[in-house]
Amino acid sequence: MDVRTSGARAAEAHAAEAHAAEAHAPGAEPPDGGQDPLSTAGDPGGAPDACGPHPDELPDGLVVADETGLVTCFNAAAARITATDPADAIGRRLEVALPLEDLDGRRWWALTDPYGGLAIRAGQPERNLLLPGGREVLVSARYVRERPTGPVRRVVVCLRGTEARRRTERSHAELIATVAHELRSPLTSVKGFTATLLAKWERFTDDQKRLMLETVDADANRVTRLIAELLDISRIDSGRLEVRRQPVDLAAAVRRHVQALTAAGHTAERFLIRVRGPLPRLWADPDKIDQVLGNLLENAVRHGEGTVTIDIAPAPARPVAEGPAEGPTVERTAVTVSDEGPGIPEESMSRVFTRFWRGSKRGGTGLGLYIVKGIVEAHGGTITVDRARGGGAEFRFTLPVGTPAYLA
């Protein structure tokens, strides 16, 4: 039981209230010598939070303004994006420290009025704005309120550069331009020959008709392959490439592709198939493995010279994931396709499996090896490129073998 008098209890309560008021007075130091987490004026980058990273550790620009519109946090990423010294931004008004304009040249903060606008607004979605000098930046903002329709206590602004988005847009534009170029030629041929045959069928001999129809068929196949490549790229980029595993005989698949190439006019002596040792049973998607083999062999024939050698052999088992050496391992089969041509320049090795890379000016979309890499990795395998012993290019891919888990 509290035996103190009511007067003593009242005096202590009054002292506690006075201490709390002093602690929260403007300019007062927080209790225990700490710093107000909402104010980082003493640290241009912002104070570290006990439950989160330091503002300077964030990958995006962070700018925070208090209820009076003065900047209290301006992290390192914001300084890099805006080319503004944090010391020059802290303590200044938000519209001065971060002068933004929309694409029509209107002052952004005067237009949006975060402190005096509608009380139901929670922020601004990401959009392109302009810094002084016309440099674009992606900006989003959040208005922090103590209650849903109360006054704005803080404005939190996120800044991001536009380089990554520009690269994506350029990649999409290149893809569209490539597709348009690759489609124009075969479709023009198909349209021209079919229109000619329909208009003047009786004037042509059977051999002429056959030649035109074979050309139409070949061009239609070319369009079909291009559409299939586009679908594969879409699935690879979105992580939706499906692999339907079945037992696959790699040696038989290679021989089948070589026979198709010899039937197309290449000499049988140009190809050398070497199967080393008994191969472990491989479960893979046969259609996609055919696509990988066909692309690599066609690439060697078109861009390489001399003998095209295909080696198929078991590969040393390696751990499923990085970790202890005694961890679980998985058997693998390796396929190596090499030629004796000029090879790939050293400076181009890192770009071989990227979109639109072409080893020469001999046609092609530049998408084949990008798709090959995506298919191999979807199987859990790896693919590399190097210089062959004969000086040409050497592509080597490995695939894990064994019965899939759902059949084990």
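Draft legend 1. Expanded view of the overall build of the protein chain. Looking only at helices and strands, the protein chain has 10 helices and 12 strands in total. Relative to its full complement of 408 residues, the protein chain shows a buried share of 36%. A sequence separation of at least 24 residues applies to 59% of the contacts in the protein chain between residues at least 6 apart.

Draft legend 2. Structural context of the packing of aromatic side chains. Tallying each qualifying case throughout the model produces one aromatic pair. With 6.1 Å between their ring centres and 85° between their planes, F353 and F395 make a pair best called edge-to-face. Within this pair, whereas F353 is found in the loop between β10 (329-338) and α10 (368-378), its partner F395 is found in strand β12 (residues 393-400), the two being separated by 42 residues in sequence. In this structure, F353 and F395 share a single accessibility class: buried.

Draft legend 3. Summary view of the sheet that holds strand β3 (residues 123-130). Judged by pairing direction, the sheet is antiparallel, and its five strands sit side by side in the order β2-β1-β5-β4-β3 without closing on themselves. Each end of this open sheet is capped by a strand with a single partner; those strands are β2 (71-74) and β3. Ignoring which end each strand starts from, the neighbouring axes of this sheet average 20° apart. Both strand β1 (residues 61-65) and β2 contribute to a ladder of three bridges, which runs antiparallel. By the bridge assignment for β2, V64 is matched with C73. Along the sheet, helix α6 (residues 163-199) makes contact with β3, β4 (136-145) and β5 (152-160), crossing β3 at roughly 75°.

Draft legend 4. Structural view of the packing of helix α8 (residues 250-263) against helix α9 (residues 286-303). Between α8 and α9, the shortest axis-to-axis distance is 10 Å and the interhelical angle comes to 45°. In terms of axis orientation, α8 runs oblique to α9. Helix-helix and strand crossings are classified by hand; for α8 and α9 the assignment is right-handed. Contacts from L250, A253, V254, R256, H257 and L261 of α8 reach α9 at I289, D290, L293, G294, L297 and V301.

Draft legend 5. Spatial organisation of the nonpolar core. With 46 residues, the main nonpolar core has I310, F395 and F397 as its most contacted residues. Per-element accounting of this core gives the leading share, seven residues, to α9. Dropping the residues within four chain positions of it, I310 is found in contact with V254, V258, L272, I273, R274, L297, V335, T336 and V337. Listed in part, the 25 residues of the second largest apolar core include V71, A89, A141 and Y143.

Draft legend 6. Inspection of the pattern of salt bridges at higher detail. Applying the stated criterion to the full structure yields 14 salt bridges. Among the ionic pairs, R235 bridges to D232, the shortest N-O distance being 3.7 Å. Here R235 pairs with D232, and both are found in helix α7 (residues 206-238), just three residues apart, close to one helical turn. With relative accessibility at 32%, the residue R235 sits in the partly exposed group. Its relative accessible area of 8% is what places D232 among the buried residues.

Draft legend 7. Inspection of the packing of α9 against α10 at higher detail. Two elements in contact, α9 and α10, have axes separated by 10 Å at closest approach and are oriented at 145°. Between α9 and α10 the crossing geometry is left-handed. Contacts between α9 and α10 pair K288, Q291, V292, N295 and L296 from the former with G368, L369, I371, V372, I375 and V376 from the latter.

Draft legend 8. Structural detail: α7. Taking 1.5 Å of rise per residue, 33 residues should cover 48 Å, and α7 covers 48 Å from first to last C-alpha, within 8% of that figure. Looking only at α7, the buried set comprises K209, M212, V216, D219, V223, L226, E229, D232 and I233. Positive phi appears at G239, one or two residues downstream of α7, with a value of about 70°.

Draft legend 9. Expanded view of unusual backbone geometry. Backbone geometry at A83 places phi at a positive 60°, although glycine is not the residue there. Structurally, the position occupied by A83 is in the loop between α2 (76-82) and α3 (86-89). The phi angle at D113 is positive, at roughly 45°, despite the residue not being glycine. Its location among the elements puts D113 in the loop between α5 (108-112) and β3.

Draft legend 10. Spotlight on the side chain of D66. Within the element layout of this structure, D66 appears in the loop between β1 and β2. Although D66 is buried, it makes no salt bridge; R93 carries the closest opposite charge, 7.1 Å away. In contact with D66, not counting residues within four places along its chain, are T72, Y115, R153 and R154.

Draft legend 11. How the structure looks around the pairing of strand β11 (residues 382-387). Here β11 runs beside β12; their pairing, made up of six bridges, is antiparallel. Counterpart to R387 in the pairing with β12 is A393.

Rules of the game
- Residues numbered from 1 in each chain as written.
- Predicted model: local features only at pLDDT ≥ 70, side-chain atom pairs only at ≥ 80, totals over all residues.
- Heavy atoms only, no water.
- Helix = DSSP H or I, 4+ residues; strand = E, 2+ residues; numbered from the N terminus.
- Buried < 20%, exposed > 50% of the residue type's maximum accessible area, 1.4 Å probe, protein only.
- Contact = heavy atoms within 4.5 Å.
- Phe/Tyr/Trp six-rings, centres within 6.5 Å; stacked < 30°, edge-to-face > 60°.
- Pairing = 2+ DSSP bridges.
- Axes fitted to C-alpha atoms, helices over the stretch in contact; angles between N-to-C directions.
- Parallel < 35°, antiparallel > 145°, perpendicular 65-115°, else oblique.
- Left-handed = near helix turned anticlockwise from the far one by under 90°.
- Core = buried A, V, L, I, M, F, W, Y, C linked by side-chain atoms within 4.5 Å.
- Salt bridge = Lys/Arg side-chain N within 4 Å of Asp/Glu carboxyl O.
- Expected span 1.5 Å × (residues − 1).
- Lys, Arg positive; Asp, Glu negative; His and termini not counted.

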